[in-house]
Number of protein chains: 2
Amino acid sequence: MKQSQIFIPTLREIPADAELRSHQHLLRAGFIRQMASGIYSYLPLATRVIRKIEKIIREELEKLNAVETILPIMQPVELWQTSGRQHTNNKEVFTLQDQHERKYMLAAAQEECITSLVRDEINTYKRLPLMMYQIQTKFRDENRPRHGLLRAREFIMKDAYSFHDTKASLDDMYNEMFNAYASIFTRLGLQYHAVIAESDLIGGKDTHEFIVVSPNGENVFAYTPHGTYAATLSLAEVNTVYETSEEPMRELTLVATPQQRTIEAISEWFDMPKKLCIKTLVLLVDGDIVVTLVRGDHDVSLAKVKVLLQAHTVALADEQVVAEVLGCEVGYVGPIKLPLDIRVVADHAVLAMRNAVAGANESGYHYQFVNPERDFAINISGDIRYIQEGEVSPDGATTVKFGRGIEVGHIFKLGTVYSEQLAAIITNEEGQQTALQMGCYGMGISRLVAALAEQYHDDGGFTWPKHLAPFHVHLIPVNIQDEVQLGLAEDMYGLLKSYHFEVLIDDRDERAGVKFTDADLIGLPVRVTIGKKAAEGIVEVKVRTTGETYDWQKEELIDKLTEMFRN
Amino acid sequence: MKQSQIFIPTLREIPADAELRSHQHLLRAGFIRQMASGIYSYLPLATRVIRKIEKIIREELEKLNAVETILPIMQPVELWQTSGRQHTNNKEVFTLQDQHERKYMLAAAQEECITSLVRDEINTYKRLPLMMYQIQTKFRDENRPRHGLLRAREFIMKDAYSFHDTKASLDDMYNEMFNAYASIFTRLGLQYHAVIAESDLIGGKDTHEFIVVSPNGENVFAYTPHGTYAATLSLAEVNTVYETSEEPMRELTLVATPQQRTIEAISEWFDMPKKLCIKTLVLLVDGDIVVTLVRGDHDVSLAKVKVLLQAHTVALADEQVVAEVLGCEVGYVGPIKLPLDIRVVADHAVLAMRNAVAGANESGYHYQFVNPERDFAINISGDIRYIQEGEVSPDGATTVKFGRGIEVGHIFKLGTVYSEQLAAIITNEEGQQTALQMGCYGMGISRLVAALAEQYHDDGGFTWPKHLAPFHVHLIPVNIQDEVQLGLAEDMYGLLKSYHFEVLIDDRDERAGVKFTDADLIGLPVRVTIGKKAAEGIVEVKVRTTGETYDWQKEELIDKLTEMFRN
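What counts, and where the lines are drawn
Residues numbered from 1 in each chain as written. Chains lettered and ligands numbered in written order. Predicted model: local features only at pLDDT ≥ 70, side-chain atom pairs only at ≥ 80, totals over all residues. Heavy atoms only, no water. Helix = DSSP H or I, 4+ residues; strand = E, 2+ residues; numbered from the N terminus. Buried < 20%, exposed > 50% of the residue type's maximum accessible area, 1.4 Å probe, protein only. Contact = heavy atoms within 4.5 Å. Areas by Shrake-Rupley, 256 points an atom, 1.4 Å probe, with all protein chains shown as cover. Least-squares fit on C-alpha atoms with pLDDT ≥ 70 in both. Buried area = accessible area lost by both parts, 1.4 Å probe. Salt bridge = Lys/Arg side-chain N within 4 Å of Asp/Glu carboxyl O. Polar contact = N/O pair within 3.5 Å; in protein donor to acceptor, adjacent residues only side chain to side chain. Nonpolar A, V, L, I, M, F, W, Y, C, P; charged D, E, K, R; others polar. Axes fitted to C-alpha atoms, helices over the stretch in contact; angles between N-to-C directions. Parallel < 35°, antiparallel > 145°, perpendicular 65-115°, else oblique. Left-handed = near helix turned anticlockwise from the far one by under 90°. Pairing = 2+ DSSP bridges. Domains from an automatic or database assignment. Phe/Tyr/Trp six-rings, centres within 6.5 Å; stacked < 30°, edge-to-face > 60°. Lys NZ or Arg CZ within 6 Å of the ring centre and 35° of its normal.

Points about the overall build of chain A
Moving on, step 1. Within chain A, the secondary structure is distributed over 14 helices and 31 strands.
Moving on, step 2. Along the first, second and third principal axes, the C-alpha set of chain A runs to 95 × 60 × 50 Å.
Moving on, step 3. When the 567 residues of chain A are sorted by exposure, 58% land in the buried category.
Moving on, step 4. Across chain A, contacts joining residues at least 24 apart in sequence account for 70% of those joining residues at least 6 apart.
Moving on, step 5. Carbon and sulfur atoms provide 46% of the accessible area of chain A, an area that totals close to 23500 Å².

Re the environment of glutamine 437 of chain A
Moving on, step 1. Relative to the helices and strands, glutamine 437 of chain A is located in strand E24 (residues 437-444).
Moving on, step 2. When the C-alpha atoms of glutamine 437 of chain A and histidine 164 of chain A are compared, they prove to be 4.9 Å apart, with 273 residues separating the residues in sequence.

Describing the relation of the copies chain B and chain A
Moving on, step 1. When chain B is fitted to chain A, the best match, at an RMSD of 0.1 Å, comes from turning it 180° and sliding it 0.0 Å along the axis. The transformation relating the two chain copies, once decomposed into turn and shift, fits a two-fold axis. Considering only C-alpha atoms, the residue of chain B closest to the rotation axis is leucine 96 of chain B, which sits at 2.6 Å.
Moving on, step 2. Most of the interface of chain B is mirrored in chain A: 100% of its interface residues are interface residues there too.

Looking at the interface of chain B and chain A
Moving on, step 1. Each side of the interface is counted separately: chain B has 63 residues, and chain A has 63 residues.
Moving on, step 2. Summed over both sides, the interface of chain B with chain A buries roughly 5400 Å², with 61% coming from carbon and sulfur.
Moving on, step 3. Ranking the residues of chain B by area buried against chain A places Phe7, Ile70 and Gln99 of chain B at the top, with a combined share of 13%.
Moving on, step 4. The tally of links between chain B and chain A comes to 8 salt bridges.
Moving on, step 5. Between arginine 51 of chain A and glutamate 68 of chain B there is a salt bridge, and its shortest N-O distance comes to 2.6 Å.
Moving on, step 6. Viewed at the interface, chain A and chain B are joined by 24 residue pairs in polar contact (both at pLDDT 80 or more).
Moving on, step 7. In terms of residue class, the side of chain B that touches chain A is made up of 34 nonpolar, 14 polar and 15 charged.

Digging into the packing of helix H2 (residues 44-63) of chain B against helix H11 (residues 445-455) of chain B
Residues and elements named next belong to chain B.
Moving on, step 1. The contact between H2 and H11 brings their axes to 10 Å, and the two run at 115°. By the angle class used here, H2 and H11 are roughly perpendicular. At the point where H2 passes H11, the crossing takes the right-handed sense. Of H11, the residues touching H2 (which contributes Ile50, Ile53, Glu54 and Ile57) are Ile445, Leu448, Val449 and Leu452.
Moving on, step 2. Partitioning the contact of H2 with H11 into residue classes produces 7 nonpolar, no polar and 1 charged.

Some words on the side chain of arginine 527 of chain A
Moving on, step 1. With respect to the helices and strands, the residue arginine 527 of chain A is situated in strand E29 (residues 526-530).
Moving on, step 2. Of the polar contacts made by the side chain of arginine 527 of chain A, one reaches the side chain of threonine 529 of chain A; its length is 3.3 Å.

So, the pairing of strand E6 (residues 103-106) of chain B
Residues and elements named next belong to chain B.
Moving on, step 1. One ladder, built from 3 bridges, connects strand E4 (residues 74-76) with E6; its direction is antiparallel. In the sheet register, proline 76 faces E6, and the bridge partner there is tyrosine 104.
Moving on, step 2. Bridge count between strand E5 (residues 95-97) and E6: 3 bridges; the pairing is antiparallel. Note that in E6 the partner of threonine 95 across the bridge is methionine 105.
Moving on, step 3. Counting the residues between successive antiparallel strands, the hairpin from E5 to E6 contains 5 residues, one of them, glutamate 101, with a positive phi of roughly 65°.

Looking at the sheet that holds strand E19 (residues 365-370) of chain B
Residues and elements named next belong to chain B.
Moving on, step 1. Taken together, the 3 strands give an open sheet; going across it, the order is E13-E19-E18, and neighbouring strands pair in antiparallel fashion. Of all the strands in the sheet, the pair left with one neighbour each is strand E13 (253-256) and strand E18 (356-359). When the angles between neighbouring strand axes are averaged without regard to direction, this sheet yields 30°.
Moving on, step 2. Where E18 and E19 come together, 3 bridges link them in antiparallel fashion. Within E19, the residue paired with glycine 359 across the bridge is histidine 366.

A word on the domain arrangement of chain A
How big an interface is tends to be stated in terms of the accessible area lost upon association of its parts.
Residue and element names in this part refer to chain A.
Moving on, step 1. As far as domains go, chain A holds domain 1 (3-67 + 110-237 + 402-453), domain 2 (253-382) and domain 3 (471-566).
Moving on, step 2. Distance from the C-alpha centre of domain 1 to the C-alpha centre of domain 2: 39 Å.
Moving on, step 3. In this complex, domain 1 contributes 6 residues to the contact, which on the side of domain 2 involves 5 residues.
Moving on, step 4. Together domain 1 and domain 2 conceal approximately 350 Å² of surface at their shared face, both sides included; 55% is due to carbon and sulfur atoms.
Moving on, step 5. At the boundary of domain 1 and domain 2, one finds 0 salt bridges.
Moving on, step 6. For the pair domain 1 and domain 2, the number of links is 2 residue pairs in polar contact (both at pLDDT 80 or more).

Regarding the packing of aromatic side chains
Moving on, step 1. Counting across every chain of the model gives 24 aromatic pairs over all chains.
Moving on, step 2. A ring pair is formed by phenylalanine 462 of chain B and tryptophan 464 of chain B, whose centres lie 4.9 Å apart and whose planes are at 35°; its orientation type is tilted.
Moving on, step 3. Taking the relative accessible area as the measure of exposure, tryptophan 464 of chain B reaches 2% and is therefore buried.
Moving on, step 4. A cation sits over an aromatic face here: arginine 527 of chain A above phenylalanine 516 of chain A, 4.0 Å from the ring centre.
Moving on, step 5. The residue whose ring lies beneath arginine 48 of chain B is phenylalanine 471 of chain B, and the NZ or CZ to ring-centre distance is 3.8 Å.

Quick notes on the pairing of strand E7 (residues 130-139) of chain B
Residues and elements named next belong to chain B.
Moving on, step 1. Counted residue by residue, E7 has 10 buried out of 10 residues, so it is predominantly covered.
Moving on, step 2. Side chains Leu130, Met132, Gln134, Gln136 and Lys138 project from E7 onto one buried face, and the interleaved Met131, Tyr133, Ile135, Thr137 and Phe139 project onto a second face that is buried too.
Moving on, step 3. Summarising the sheet, strand E3 (residues 67-68) and E7 pair through 2 bridges and their orientation is parallel. What sits directly across from glutamate 68, in E7, is tyrosine 133.
Moving on, step 4. Examined bridge by bridge, E7 and strand E8 (residues 154-164) share 10 bridges and lie antiparallel to one another. Among the inter-strand pairings, glutamine 134 is bridged to a residue of E8, identified as aspartate 159.

Quick word on the sheet that holds strand E19 (residues 365-370) of chain A
All names here are of chain A.
Moving on, step 1. Here we have 3 strands laid out as an open sheet, ordered E13-E19-E18, and antiparallel in their pairing. Both edges of this open sheet fall to strand E13 (253-256) and strand E18 (356-359), since each of them pairs with a single strand only. Strand-to-strand twist of the sheet, defined as the mean angle between neighbouring strand axes without regard to direction, takes the value 30°.

Laid out in structure tokens, this is it:
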């Protein structure tokens, strides 16, 4: 491709509205342009990268016999109402009306659509398992779109849906898809973790996020360095064993603590370390009040409470509810003398506390020398707190680290969440009527471009790997007014193309400096410069990632480049 | 691919809501399903056909150095307002608001978007010509969606846009694209006409529609059988020469014609053939009153009036306007004694009329023995009427026929319509500031599926050509309980795949009749049946289009099929 015929609007200045270096590079190297907040045009270079990503995804999915389909972007609102997904009131879903005032939503996901399709056509286990996927533009009305393609409002996704007669079949497919994702990210050359995740919105359980490691990512997770375990922070398993102090139990004492409402304040007031204060949080779990207890130096994970109590919704109770039920301010809530019908859920660590401080359920007062079991009852104990970096790993073999990255994939076992709502019933092998088992598998393609941009860049621009670069070779005649240079460049262009190299030839009448700066920005793996040595039949080759340069005879170019690309 | 693992929901019944046979087949053969009026899911078979169409389109466009891009579907309304395209009030454009109450439209076309992109980045002729294309879902809120994929509200299009420094460059690209379209439709095996078309909405001129011949199409056009000329009816050139009667002019006579308002009534009232009555139509041309005259047996083409007068808008004046300006009812309007400032435009045929009848511009009266020039003046005469089937062709060599078909492509020379509105200015080779010359080139991909379905079917189902069929071979073990049959089928499946045949194997435990009916519906080019002769190593081959059948030894299958597919 001639650079004069492709649209690569490079920028000299660093765009003021882009924080991340990778986002700046995507703008500066002419890969993308913003049309409106969180809405981007993918220019030709980005489109070429996207096509290469898509090809890898298709190849890996088709190994699983996934079949491609194209579902509608406009979704009738009624369909989503049937599924119980109350997205009509969800601010993040774009809605619109047609000229007959019928309401639609722009697809952010398509479980309802595909479940209703399959429901209407498949009624026997004999047509299962079935896996369909599509690659499509999706929409989400982010309140605050940011970081370019990382959090956009219009984005490209691969979404796949699987249908099964049994849980075992779903489990198998889930594992196969897990492996397919691993293959895809490995082929993309991305450093990633498969992280045990919350399922929240979609309503299923058993779910993994695939997170590409990046200091600029918004997802934080805990992992073991040897790669055996990774989980989102809110779910990372705590395996710490707590020892109870040998100190004798002292007498429970009510102490006035005016204006002391936080763990920090109480810790100071009593001159006790935070780990000897009980942190009490009042939650609404599926609408019921639940009191949770963790150590003062720990934090409650609502996600873990949700799993422990097998609940649908878990939220903090607001001040009014607390005042109504417990008769005190939030800062003075504690585990002692709670109404009988309120469940108390304590973290393992609380059980080992001795002579602790806790709220008195009376505004302005705390108890000192509080001891679990002696002073208060616990309905359920379990792991309900956030892990801390450096704690022991779930397998006990090492300690966990915290990582940060970009979520590029998310796979779910939906089970029968949608099929039950939408009455997608089949006859199973035993002749019984049963709801379809479902899985869903998302992958953010435009976000993958951002993740790749994060991973493959340096200060000068991109450093695309060979199989994802928009072109393989950047061929640069330094001076196109020089007939010898231009002639040799055109010869090499034809030759490289005949060997199926994808070549971008910079045929612009620009200064060498401009061409080289643009070439570094665009970041093709190999730059072949045709300059003053053209008269001697020498071409100058530069490897973008390492900066290595070679002077090669023009006759050597194909062989040596082929060798370089085969490695 | 195993048929048990792909989603092909065939139907026995003919769907009640589908009129066209091709649409019925798309539903019955499990290619598509409707999700809402004019909104379809493309199931795996249709998706495979679409991918093959797209591949052909990409290959042909890339020969022109067109570069692929992906533009946003959500378009800020402000952008369209800038271009003067008043689509915010257009019922056919879907609009929506985000959570911050900013307004967007779902792209029906993207001239504004890409013009603003190019305007911001390109300011010199040196980066031109430039041709960008994309393949994307588009939206149009059709008042009455119909005929399945033919007139849908969500559809897949290829749209391309070219940018030039000169008209000559645009002309060249337009011709290249014209040829690329011809190559694409030829490769798709479609019988089509490139038809001179109206440009209406988009505002440019010089435009062709590509219409695939189909008795069920909505587009009517005139063409010459030897293929030298085709035009949409409203623009097809009339080349007929009219002779004036030798009859002497008689005296102009006012005649009372109560309640006689139509050409039919007047013709009867005066006992004169329609061709001796003058049909007078009052138009609003760019807001001004224009009176047009055609022969009573002819019809005015507003499109031709628009071209003749180089106008932006042409519409019929309503009764009130006519009453106000001419002081009479619409049915009594005529060319005589019109106010001086009203332009009179007559068709060539009117000039040759002698002793005709015409309205008197007085309700209830007509003139008899009206003669042009003697009785009324004509400001402009020209070809302003619809052609009739059988009239002489523009080159005079033959007569025109009328055809009917499906519009699958439309190419436009936009000129500077958008670039002027959006201030997309470049410096040309002479150093002058000039507005970009633009072309745009649309092709309906989902509509092409419908057009192909129209062309390639019979009563039993589809008859896909080899290069567009979802798979090449339908391999059918008649009885999968029979180990010999299943074994041979699996061997053949592996063998065919190893030779890169795309094979759909019907591994369902269904009766032979069901399998064969489904196979005919789906319409793959070749059916290979493994039945009772499997024990003798014989496979039965049936060609879908011709119905020819062969018994081949299994060892012959690859060679003979390869030969068949190479032809």
